Amino acid sequence: MKKIYTIAFALFAFVSMQAQTVLYSNTFESGVGDATIVGNGAIEATGNSKYGNVFHNAAGGQAIRTNYLLLPNTIFANLQTSGIKEVTIAFWVNKGTAVDYYWTPVFSAYGAAPLSTGNTWPMMVLQSRLVAQVNCAGWTDLLDADNVNALNTASTTWIDDAAWHYYTATFTETSVKVYVDGVIKNAWNCNGTDGHTVNGLFSNGSLLTYICLGGNQAWNWGDPDPAYLFDDVTIYSGALTQTQIQTNITAKITTDINSVENSIQKQEFFTLNGIYMNTDFNKLAPGMYINKTTYQNGEVKSTKFTKTK
């Protein structure tokens, strides 16, 4: 059973009040609930009090469009009905036993189960390499030209370390953002024209009825579903802010940092825009930063702070 600290519960309650409606959530403490395991995934006990039971996708071996957790088919339909033109997909994820996962998705949604020839549209997919694609009553490939930095970050280094990380993707009518541990990794502008729109998620979300956590690669691409570990999956009808994401992270990992189990192994400092600075606090110029701390037990905590001198 997950250990809940008083401060953590208070912070979680605050985030829940601010995050609009929860369309779907599962901690996996009582199994997969109203989701369905497709393939050889399994619920596993981590032995870690903060993660408890988790979902291990492709626990029996990886294959293409074969292993994933099928979520209830009404999630995007309920988003459409709500009239809220924002959505957040968030979860904790660990590399687990995965190999060959650079191209594979962590989350996907389609209008039907995959055929032997692959998937088609309508679709949306979030890739392990921190990019995304939507084709639902309009489409976007979220190319470099749409990125606020004019260049996509495409990498799996964030998950290669086999530690737990908090992945968050937010969609609005005008933007898409992907965060890892509360730090923005990619942000795209969407002007609403075809080739640059995600509006179909909100106007035609009911078309997306085959909703998958942990795989089911797009089109006919031949990439295996990853054997990741997942925990605390939540989908909101609203776009969480960076502060709310960081509060969710704090609520999850709050613990006694003086214990041997959680001694600090590494600290890294980033700007609020996610630009890596260094590992030496004394070399930082005055300003606001994010401190990413990795503990001995593999957990990662990201906190915002201000250096005054």
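See the structure printed just above.
Residues numbered from 1 in each chain as written. Predicted model: local features only at pLDDT ≥ 70, side-chain atom pairs only at ≥ 80, totals over all residues. Heavy atoms only, no water.

Things to note about the pattern of salt bridges
Item 1. Summed over all chains, the structure comprises three salt bridges.
Item 2. We note a salt bridge from K85 to E173, for which the minimum N-O separation is 3.8 Å. Here K85 is found in the loop between α2 (75-82) and β6 (86-94), whereas its partner E173 is found in the loop between β11 (165-172) and β12 (175-180), with 88 residues between them in sequence.
Item 3. When its relative accessible area of 44% is taken as the criterion, K85 is described as partly exposed.
Item 4. For E173, a relative accessible area of 33% puts it in the partly exposed group.
Item 5. Note that K252 and D232 form a salt bridge whose closest N and O atoms lie 2.7 Å from each other. With a gap of 20 residues between them, K252 in helix α5 (residues 242-253) and D232 in strand β15 (residues 229-237) connect regions that are remote in the sequence. (Salt bridge = Lys/Arg side-chain N within 4 Å of Asp/Glu carboxyl O. Helix = DSSP H or I, 4+ residues; strand = E, 2+ residues; numbered from the N terminus. Buried < 20%, exposed > 50% of the residue type's maximum accessible area, 1.4 Å probe, protein only.)

Let's talk about the layout of surface pockets
Item 1. Considering only enclosed or pocket space, the second largest pocket measures out at about 270 Å³ in volume.
Item 2. Contributing to the lining of the second largest pocket are 15 residues, with T157, W158, K185, E268 and K292 lying nearest its centre.
Item 3. At the level of secondary structure, the elements contributing two or more residues to the lining of the second largest pocket comprise α3 (157-160), β16 (264-270) and β18 (287-295).
Item 4. With three residues, β16 is the single largest residue contributor to the lining of the second largest pocket.
Item 5. Of the residues contributing to the lining of the second largest pocket, the split by class is five nonpolar, five polar and five charged. (1 Å grid on protein atoms, 1.4 Å probe; cavity = no way out; pocket = protein on both sides within 12 Å on 5 of 7 lines; lining within 4 Å. Points joined across faces, edges and corners; volume = space filled by probe spheres on them. Nonpolar A, V, L, I, M, F, W, Y, C, P; charged D, E, K, R; others polar.)

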